[in-house]
Amino acid sequence: SAQRAGSAQEEDTMAVLDSFGLGGRTTVVTGANRGIGRALAVALAEAGSDLALLVRDPASCAEVEAECRALGVRTLAVAGDVTDAASVARAVDTIGEAFGRIDVLVNNAGACIHRPALEVTAAEWRQVMDVNVDGVWNCAQAFGRVMVEAGRGAIVNIGSISAVIVNRPQWQPAYNASKAAAHQLTKSLAAEWAEHGVRVNALAPGYVKTEMAPVDDPQFRQRWIDDVPMQRFALPAELGPAVVFLASDASSFMTGSVLVMDGGYTTV
Ligand code: NDP
């Protein structure tokens, strides 16, 4: 049975491996059609969670849906644009009707524009803020409302080490600001919703090999690798276990935390 984050642990025992299990729960993953979101959906399915994939184009989810269903969980791709609160509200209704419960939200959808500050246009600034700040807020508020009413839930925001460091020489000022906002929103909601049994944490990855991080671009590759003590990038699948941890009872006394997974990048 789900451990309520706000309630006291009755007994001083913990079934360690079982505590990572998400069987019988429903998880919403935004931007689950590709990149990190897709890998997280598969990891959460492996942990036993049913999945609602909140994406702009449900047709783009065919492969990840098939992969998750093969793991034996219910999987549904639901149309939604995280920047549009009305669209998120419709997705909450659709998912609530289809699954009957919403236990976990993974705020993964994100956008990044690499550009020196003086060249960033107003539209580029707005787009990054809309997806990475308003998008996280829209989903956290709408799905968080369902969780607060149920008295249980977990939210995992995909932040970034870009909230605390600055990437050189491929500048990304809007992205840096947006991820810092996502980290602090994590703490704000965690403190407010703790008494309602809703935990809110963030994962802050370093460079991960997806379309967002052009890790094969020869102009940046060596410079970036030089910055990482482990001398490599993460693969999306390596983030899965950390998100299962934050989504599950394995992290029952953890809220408002930012878990860093960066190959040592922020230690140097
Ligand atoms: P990708 O660019 O590969 O994927 C971005 C995802 O976000 C896509 O699924 C995209 O959907 C979705 N998305 C964008 N805008 C919206 C929107 N308005 N509504 C719904 N979905 C949207 O990025 P990654 O997989 O690399 O990044 C995933 C998360 O991880 C982001 O929050 C990113 O900031 C974070 N991160 C990434 C790192 C990296 O090095 N890659 C490092 C640290 C953090 P669509 O296919 O429709 O465009």
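Notes on the structure in this doc start here.

Calculation criteria
- Residues numbered from 1 in each chain as written.
- Predicted model: local features only at pLDDT ≥ 70, side-chain atom pairs only at ≥ 80, totals over all residues.
- Helix = DSSP H or I, 4+ residues; strand = E, 2+ residues; numbered from the N terminus.
- Rg over C-alpha atoms; globule rule 2.2 N^0.38 Å.
- Buried ≥ 20, exposed ≤ 12 C-beta atoms within 10 Å, placed from the backbone.
- Contact = placed C-beta atoms within 7 Å.
- Near = placed C-beta within 6 Å.
- Axes fitted to C-alpha atoms, helices over the stretch in contact; angles between N-to-C directions.
- Parallel < 35°, antiparallel > 145°, perpendicular 65-115°, else oblique.
- Left-handed = near helix turned anticlockwise from the far one by under 90°.
- Nonpolar A, V, L, I, M, F, W, Y, C, P; charged D, E, K, R; others polar.
- Pairing = 2+ DSSP bridges.
- Right-handed = clockwise from strand over helix to strand, strands pointing away.

1. Things to note about the overall build of the protein chain
Of the regular secondary structure elements, the protein chain holds 7 helices and 7 strands. Counting from the amino terminus, the protein chain carries its helices and strands in the arrangement β-α-β-α-β-α-β-α-β-α-β-α-α-β. Here the C-alpha atoms of the protein chain give a radius of gyration of 18 Å, agreeing with the 18 Å that 2.2 N^0.38 yields for 268 residues. For the protein chain, with 268 residues in total, the buried portion stands at 44%. When contacts within the protein chain are restricted to residue pairs at least 6 apart in sequence, those whose partners lie at least 24 apart make up 74%.

2. A few points about the site of the ligand
Around the ligand, a shell composed of 30 residues is seen, among which G31, G35, G110, T210 and A213 lie nearest. If you list the elements that add at least two residues to the shell around the ligand, you get α1 (35–46) and α4 (122–150). Take the shell around the ligand: its biggest share by element is 3 residues, from α1.

3. Focus on the packing of α4 against helix α5 (residues 173–193)
Relative to each other, α4 and α5 sit at 15°, their axes nearing to 9 Å. It follows that α4 is roughly parallel to α5 by the angle criterion. In this structure, α4 crosses over α5, and the sense of that crossing is right-handed. Between α4, through E124, W125, V128, M129, N132, V133, V136, W137, A140, G144 and V148, and α5, the contact on the second element is made entirely by A174, Y175, S178, K179, A181, A182, L185, L189 and W193. Broken down by class, the residue content of the contact of α4 with α5 amounts to 15 nonpolar, 3 polar and 2 charged.

4. Side note on the sheet that holds strand β1 (residues 26–30)
Within the open sheet, the 7 strands sit side by side as β3-β2-β1-β4-β5-β6-β7. Their pairing is parallel. A single partner strand is all that each edge strand has here, and the edge strands are β3 (75–79) and β7 (258–261). On average, each strand axis in the sheet is tilted by 20° relative to the strand beside it, whichever way the strands run. Relative to strand β2 (residues 50–55), β1 is paired through 5 bridges, and the arrangement is parallel. Pairing of T26 across the sheet is with D50, part of β2.

5. A word on the pairing of strand β5 (residues 153–158)
Within a regular strand, side chains alternate between the sheet's two faces. Across the 6 residues that make up β5, a large majority, 6, are buried. Here 4 bridges tie strand β4 (residues 104–107) to β5, and the two strands are oriented parallel to one another. Bridge assignment links L105 to a residue of β5, and that residue is I155. For the crossover that starts at β4, traverses α4 and ends in the parallel β5, the hand is right-handed. Sheet analysis places β5 next to strand β6 (residues 198–205), joined by 6 bridges and oriented parallel. Bridge pairing in β6 links A154 to R199. At this point the chain moves from β5, through α5, to the parallel β6, and the crossover so formed is right-handed.

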